[in-house]
Amino acid sequence: MVNSGFGVANAYVAVMHGNADGTFKAPVSYPIAGAASVPATIDDINGDGVADLIVASDDQHISSVLLGKGDGTFSAATSFAAPLCLEVRLLPTRLSWH
């Protein structure tokens, strides 16, 4: 399960791995850019066969990418500005630019 902090000064994305019994392990939080983030999406954006996280910030037009390490953890976020004229739409399993 992936959840992102919304409306907080120091935004984050939290990952909770399942225990295979309907419960979850404690969340692991990763700092991301921006203060008001939308839900994260998961995709293999660099083509290495490992799931990565992508989170967009509503308030500052910043996107954060956390590359998966292949062991259920993620690298520190790499953030970049999205131009105001560029709409970033996060869809399940796909990142599309319009």
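Please refer to the structure higher up on the page.
These remarks concern the structure in this document. (Residues numbered from 1 in each chain as written. Predicted model: local features only at pLDDT ≥ 70, side-chain atom pairs only at ≥ 80, totals over all residues. Heavy atoms only, no water.)

**As for the overall build of the protein chain**
Then step 1. Helix and strand counts for the protein chain stand at zero helices and nine strands.
Then step 2. Listed by position from the N terminus, the elements making up the protein chain come as β-β-β-β-β-β-β-β-β.
Then step 3. A fraction of 30% describes how many contacts in the protein chain between residues 6 or more apart in sequence connect residues 24 or more apart.
Then step 4. When the accessible surface of the protein chain is split by element, carbon and sulfur atoms take 59% of a total near 5,700 Å². (Helix = DSSP H or I, 4+ residues; strand = E, 2+ residues; numbered from the N terminus. Contact = heavy atoms within 4.5 Å. Areas by Shrake-Rupley, 256 points an atom, 1.4 Å probe, with all protein chains shown as cover.)

**Structural notes on the sheet that holds strand 4 (residues 41–43)**
Then step 1. As summarised here, the arrangement of the four strands in space is 4-5-6-7, forming an open sheet in which the pairing is antiparallel. Of all the strands in the sheet, the pair left with one neighbour each is strand 4 and strand 7 (78–81). Here the average twist between neighbouring strands, direction ignored, is 25°.
Then step 2. Note: strand 6 (residues 62–66) against strand 7, four bridges, orientation antiparallel. Within strand 7, the position partnered with Ser-63 by the bridge is Phe-80. (Pairing = 2+ DSSP bridges. Axes fitted to C-alpha atoms, helices over the stretch in contact; angles between N-to-C directions.)

**Here's the deal with the packing of aromatic side chains**
Then step 1. Counted by the stated rule, this structure contains one aromatic pair.
Then step 2. Note on Tyr-30 and Phe-74: the rings are 5.9 Å apart at their centroids and 90° apart in plane angle, and the pair reads as edge-to-face. Pair noted here: Tyr-30 is in strand 3 (residues 28–31) and Phe-74 is in the loop between strand 6 and strand 7, with a separation of 44 residues, a long-range link.
Then step 3. A residue is classified by how much of its surface remains accessible, and Tyr-30, at 12% relative accessible area, is buried. (Phe/Tyr/Trp six-rings, centres within 6.5 Å; stacked < 30°, edge-to-face > 60°. Buried < 20%, exposed > 50% of the residue type's maximum accessible area, 1.4 Å probe, protein only.)

**Remarks on the environment of Gly-34**
Then step 1. For Gly-34, the position within the fold is in the loop between strand 3 and strand 4.
Then step 2. For the pair Gly-34 and Ser-79, spaced 45 residues apart in sequence, the C-alpha separation works out to 9.3 Å.

**A short note on the pairing of strand 6**
Two faces belong to every sheet, and in a regular strand the side chains alternate between them.
Then step 1. Across the five residues of strand 6, five count as buried, placing the element largely inside the fold.
Then step 2. Burial along strand 6 is two-sided: the face carrying Ile-62, Ser-64 and Leu-66 and the face carrying Ser-63 and Val-65 are both buried.
Then step 3. Bridge analysis of strand 5 (residues 52–57) against strand 6 gives five bridges, and the strand direction is antiparallel. Bridge pairing in strand 6 links Leu-53 to Leu-66.

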